[in-house]
Amino acid sequence: EVANQKVTIDGQGHEFKGSVQINGKSDYNKATTVFENINFVSEDASALVNGDSFIYCGTLNGNTQVRYPDNIIVKNCTFTATGNTAVGVKVWSLDHGQLVIEGGKADGVHSLLQVTSSQGANILVDGVEVVNAKNGISLGNAGNTAIKNSTISTAEYGIRANGDSNAADLTIENSTITATQPVIVRKLTKAGYVLNIDAATTLNTAEKYAVVFTKGSDDAAYVLPEVEF
């Protein structure tokens, strides 16, 4: 990234059989990186950056100075893979600014988005489609997140969020999620954790619960949330 500059990479709808690493330089200097109209394709996730990601930001080969970008925007990009091992966008650290994924489609991936340590950023996923995937969106220690106008169809979880002490609010609007666990909030230890799912959202599952809360990992015992009406 370049301090105080917005850099746009426009693929103009062309296919790109490769991957990109974002170097945030850990400097917090109001940089913005935009990817748009790129059709990412891979049949071998191990050949991608970090061994699994089309777009990646985080520590690589022990270099911690590539972390902490300012703003990342992904617009109308597709991610096509085989074997359910590739991740569309993987962000290890984003402590301010925003992460936006708008439009586009992920097909055959492990997941569209994985966020690990980005509790200071605002995250928006709007108008995406995820099909033939293992999972949809994973939010670990993420900032305030909104998922809107999207269709997610996966084998395991659709949206997974951490509910620990660092957790921020999660909002899901006008979306359809079909999965074994459409929505799961794990590590639920934060008092007052807020999950908002609007009436225009449809959650489809063959299991007993469409929304699951646990205090441990994904397969830990379910807990009843505190609900206000």
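Above this text sits the structure in question.
Predicted model only: the values in this text are computed from it and were never measured.

**Q** Which parts of the structure should I look at to understand the sheet that holds strand β17 (residues 151-154)?
**A** The strands making up a sheet are joined through hydrogen bonds of the backbone, oriented either antiparallel or parallel. Taken in spatial order, the 8 strands line up as β2-β5-β8-β11-β14-β17-β20-β23 in an open sheet, and their pairing is parallel. The sheet is open, and its two borders are formed by β2 (15-16) and β23 (202-204), each paired with just one other strand. Here β2 pairs with strand β5 (residues 39-41) via 2 bridges, running parallel. Among the inter-strand pairings, Phe16 is bridged to a residue of β5, identified as Phe40.

**Q** Sorry if this is basic, but what is going on with the environment of Glu129 here?
**A** Residue placement: Glu129 occurs in strand β14 (residues 129-133). Placed 44 residues apart in sequence, Glu129 and Thr85 show a C-alpha to C-alpha distance of 17 Å. Those residues in contact with Glu129, other than ones at most four positions away along the chain, are Gly104, Lys105, Ala106 and Thr151.

**Q** Can you help me understand the side chain of Thr154 in this one?
**A** With respect to the helices and strands, the residue Thr154 is situated in strand β17. The exposure class assigned to Thr154 is buried, which follows from its relative accessible area of 10%. A distance of 2.9 Å separates a polar atom in the side chain of Thr154 from the backbone oxygen of Tyr157.

**Q** Help me understand the environment of Gly158 in this model?
**A** Position of Gly158 relative to the elements: it lies in strand β18 (residues 157-162). Once the C-alpha coordinates of Gly158 and Gln5 are considered, the two residues, 153 residues apart in sequence, prove to be 34 Å apart. Every residue in contact with Gly158, bar those within four places of it in the chain, is listed here: Gly136, Ile137, Ile152, Ile177, Ala179, Gln181 and Pro182.

**Q** Hey, could you run me through unusual backbone geometry in this one?
**A** Of all residues except glycine, most have a negative phi; of all peptide bonds, most are trans. Not every positive phi belongs to a glycine, and Asn76 is a case in point at roughly 55°. Within the element layout of this structure, Asn76 appears in the loop between β7 (71-75) and β8 (78-80). Despite not being glycine, Asn174 has its phi angle at roughly 45°, a positive value. For Asn174, the location among the structural elements is in the loop between β19 (170-173) and β20 (176-178). On the accessibility criterion, Asn174 (42% relative accessible area) is partly exposed.

About the thresholds
Residues numbered from 1 in each chain as written. Predicted model: local features only at pLDDT ≥ 70, side-chain atom pairs only at ≥ 80, totals over all residues. Heavy atoms only, no water. Pairing = 2+ DSSP bridges. Helix = DSSP H or I, 4+ residues; strand = E, 2+ residues; numbered from the N terminus. Contact = heavy atoms within 4.5 Å. Buried < 20%, exposed > 50% of the residue type's maximum accessible area, 1.4 Å probe, protein only. Polar contact = N/O pair within 3.5 Å; in protein donor to acceptor, adjacent residues only side chain to side chain.

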